[in-house]
Amino acid sequence: MPRFIGEYTYKDTLLHNLAPQAKILMVVFASALLFLMEFSKLAFILIILCIAAKSAGIAIWKLGALIRPFLALYAMILIFYFIFSPEKMAEGLLTVFRFIILIMVSHVLLATTSISALVRGFESLAWPVKAFGASPRTISFMLSLTIRFIPVLFLEADTIHQAQRSRCSQRRKLRSVSLLVASVVQNTSARAAAVADAVASRCYRTKGTTSINSCRAEAKDWAIAAGTLAVMGFLLWYG
Amino acid sequence: MITLKNVSFSYDEKQALSNLSLTIRKNDYLMVLGRNGSGKSTFLKLLNGLLLPMAGDVRVENLSTRLHGEEIRQKVGMVFQNPDDQLVASIVREDIAFGLENLGVPLDEMQRRIAAILSKMGIAHLSEQNVNTLSYGQKQLVALCGVLVMQPSCIVFDEPTTMLDPLNRKNVMDMIIRLHTEGNTIVHATNDPREARRGATAALILDRGRAGFHGHAGKVTPSLLRRFGLNA
Ligand SMILES: Nc1ncnc2c1ncn2[C@@H]1O[C@H](COP(=O)(O)OP(=O)(O)OP(=O)(O)O)[C@@H](O)[C@H]1O
Ligand SMILES: [Mg+2]
């Protein structure tokens with residue numbers, strides 16, 4: 001599993017309580033700004049990000065640990081620069097640095113926003129979707145269901161795999177792979193039927209519904225987002 | 001509260017229930033017994049209109065499941081065997097909200113009802129937890145909360161304890177009996193007759209899609225059970 005998913009736990013902090021649509025817009029614009037910045041400014045942003053993370057109860061070492069999974073990618077970028085344009089090595093380093101910060105920003109977003117809040121945030125930003133006749137409730141329900149079942153399916157595949165390994169000899173390894181796929185898929189369609197029954201039993205509908213995560217962004221939320229972006233913009237042009 | 005009249009149901013060619021007629025009265029606790037494949041789940045799904053009868057009629061408070069499915073599903077809640085298949089959101093509180101969102105319940109009332117049901121079930125501390133971190137027993141309680149929060153008057157259980165360990169099994173059973181005492185109508189399918197006998201007032205034994213026995217729960221004797229191939 002990607003380490004980003006499932007890290008969310010609610011805490012009563014400014015970042016956790018910020019409306020998701022404000023957070024999403026902030027992250028999108030901040031990411032764009034990042035790509036216009038140089039080392040010293042990026043370093044400054046990194047410090048601010050660390051303070052923000054700390055205030056949201058995220059351990060700084062966790063941000064640091066995010067560098068590792070993509071180490072190979074960073075190495076590759078640097079090697080390419082080294083081979084094809086060694087005179088632009090600094091630019092390569094800058095690219096890697098931006099990438100690292102971008103991942104940290106996403107982590108802070110995902111660690112402070114529940115998936116369904118994110119989904120609803122997108123939903124309220126993506127009102128054009130409605131123009132195409134798709135029900136936002138359907139879309140958000142599908143997304144949240146997918147996210148809910150990814151870990152379950154992983155776990156299941158693992159259990160089946162282990163059960164089969166204990167039955168099958170090494171020689172029949174190939175066959176056991178196809179068995180694995182078959183049983184996961186079969187299991188999944190039976191499961192889909194069961195989930196559908198439960199969803200229908202709970203009166204699923206798409207019209208006249210309400211939402212527990214009312215994510216009305218208030219002036220305060222937009223002010224915080226705009227303020228952050230303004231600071232970044234100021235830093236970029238006058239810093 | 002629920003009446004079945006000459007109800008038959010088949011999947012494709014396979015006849016799963018034939019010519020079943022019975023009445024479930026208000027505040028009954030009906031236990032439904034039968035071997036694997038005898039039609040228990042099919043019977044239960046007919047009660048809230050998840051399945052519609054091919055012949056005959058199912059009526060809940062005099063509304064036909066054919067015409068009033070949505071309304072009936074509010075009155076007849078359903079808890080299934082595998083808790084994993086009943087939870088649709090990743091956070092406990094959000095999952096319990098699912099049914100209420102569908103009914104269009106306003107936010108403040110939604111929050112009040114969720115908090116009340118969580119504390120009634122003794123799992124208020126799990127409110128913000130990710131469902132993937134819960135035990136099967138806890139998940140089943142969350143699933144039950146998701147149904148109860150919609151305030152159904154009848155709750156249908158399809159082998160609700162099969163996947164649970166003995167302690168959680170007892171927890172869930174205690175809760176079912178408590179719901180019955182509080183005035184709810186209970187329909188409880190199980191493969192363990194001893195389990196439901198604790199609280200049941202009526203019993204239905206299904207045998208290859210037919211009602212082998214329907215009557216007072218007290219009349220379910222070991223010899224009767226053995227006649228239908230069930231463990232006494
Ligand atoms: N979706 C389906 N498609 C085809 N046949 C089905 C389907 N669901 C059930 N059946 C068949 O209908 C019959 C009754 O099934 P049902 O699930 O109601 O039995 P059950 O008493 O609940 O069994 P169990 O104790 O295993 O849960 C069985 O023979 C079964 O094979
Ligand atoms: Mg069944």
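Everything that follows concerns the structure shown earlier in this document.
Residues numbered from 1 in each chain as written. Chains lettered and ligands numbered in written order. Predicted model: local features only at pLDDT ≥ 70, side-chain atom pairs only at ≥ 80, totals over all residues. Heavy atoms only, no water.

J.: Just to check I follow, could you spell out the overall build of chain A for this structure?
T.: Scanning chain A for helices and strands turns up 11 helices and 0 strands. Each helix (α) and strand (β) of chain A, taken in turn from the N terminus, gives the series α-α-α-α-α-α-α-α-α-α-α. Counting every position in chain A, which comprises 239 residues, the buried fraction comes to 37%. Here the contacts in chain A between residues at least 6 apart in sequence split such that 78% fall between residues at least 24 apart. Surface summary for chain A: the accessible area is close to 13900 Å², and the carbon and sulfur share equals 70%. (Helix = DSSP H or I, 4+ residues; strand = E, 2+ residues; numbered from the N terminus. Buried < 20%, exposed > 50% of the residue type's maximum accessible area, 1.4 Å probe, protein only. Contact = heavy atoms within 4.5 Å. Areas by Shrake-Rupley, 256 points an atom, 1.4 Å probe, with all protein chains shown as cover.)

J.: Would you take a moment to explain the nonpolar core for this structure?
T.: As a rule of thumb, nonpolar side chains are buried together in soluble globular proteins. Ranked by size, the top nonpolar core spans 50 residues in total, and within it I96 and I114 of chain B carry the most contacts. Elements with a minimum of two residues in this core: β3 (29-34), α3 (92-103), α4 (107-120), α5 (136-148), β7 (154-158), α6 (166-181), β9 (202-207) and α8 (222-227) of chain B. With sequence-adjacent residues up to four places away left out, I114 of chain B is seen in contact with I212 of chain A together with R93, I96, A97, L100 and V149 of chain B. Of all hydrophobic cores here, the second largest spans 38 residues; its members include L42, V96, V108 and L229 of chain A. (Core = buried A, V, L, I, M, F, W, Y, C linked by side-chain atoms within 4.5 Å.)

J.: How should the site of ligand 1 be read in this particular structure?
T.: Residue and element names in this part refer to chain B. Residues in close proximity to ligand 1 include Y11, K14, A16, R35, N36, G37, S38, G39, K40, S41, T42 and E159, which together make up its full environment. Separating an oxygen atom of ligand 1 from a backbone N or O atom of S38 is a distance of 3.3 Å. A distance of 3.1 Å separates an oxygen atom of ligand 1 from a polar backbone atom of G39. Surface burial for ligand 1 is 63%, taken as the share of its 630 Å² of free accessible area covered by protein chains. For the shell around ligand 1, the elements supplying multiple residues, two or more each, are β2 (14-24) and α1 (40-47). Here the shell around ligand 1 is composed, by residue class, of 2 nonpolar, 6 polar and 4 charged. (Near = heavy atom within 4 Å. Polar contact = N/O pair within 3.5 Å; in protein donor to acceptor, adjacent residues only side chain to side chain. Nonpolar A, V, L, I, M, F, W, Y, C, P; charged D, E, K, R; others polar.)

J.: I would appreciate a short explanation of helix α2 (residues 20-34) of chain A in the present structure.
T.: Residue and element names in this part refer to chain A. With 15 residues, α2 ought to run about 21 Å at 1.5 Å a step, and its terminal C-alpha atoms sit 21 Å apart, in line with that. Residues P20, Q21, A22, K23, I24, M26, V27, A30, S31, L33 and L34 constitute the buried set of α2. In this structure, the buried side of α2 is in contact with α1 (14-17), α3 (39-55), α6 (89-112), α7 (115-125) and α11 (219-238). (Expected span 1.5 Å × (residues − 1).)

J.: How should the pattern of salt bridges be read in this particular structure?
T.: On inspection of all chains with the given rule, the structure shows 16 salt bridges over all chains. When the shortest N-O distance is used, the salt bridge between D85 of chain B and R191 of chain A registers 2.6 Å. In this pair, D85 of chain B sits in the loop between β6 (76-79) and α3 while R191 of chain A sits in helix α10 (residues 173-201), so the two residues belong to two different chains. When sorted by exposure, D85 of chain B lands in the same class as R191 of chain A, which is buried. Between E61 of chain B and K75 of chain B there is a salt bridge, with the nearest N and O atoms lying 3.1 Å from each other. Within this pair, whereas E61 of chain B is found in the loop between β4 (55-60) and β5 (63-64), its partner K75 of chain B is found in helix α2 (residues 69-75), the two being separated by 14 residues in sequence. Here E61 of chain B falls in the partly exposed class, since its relative accessible area comes to 38%. Since its relative accessible area comes to 23%, K75 of chain B is described here as partly exposed. Linked by salt bridges that have partners in common, K120, R178 and E182 of chain B make up one network. (Salt bridge = Lys/Arg side-chain N within 4 Å of Asp/Glu carboxyl O.)

Take it as geometry only, folks, not as evidence of what the structure does.
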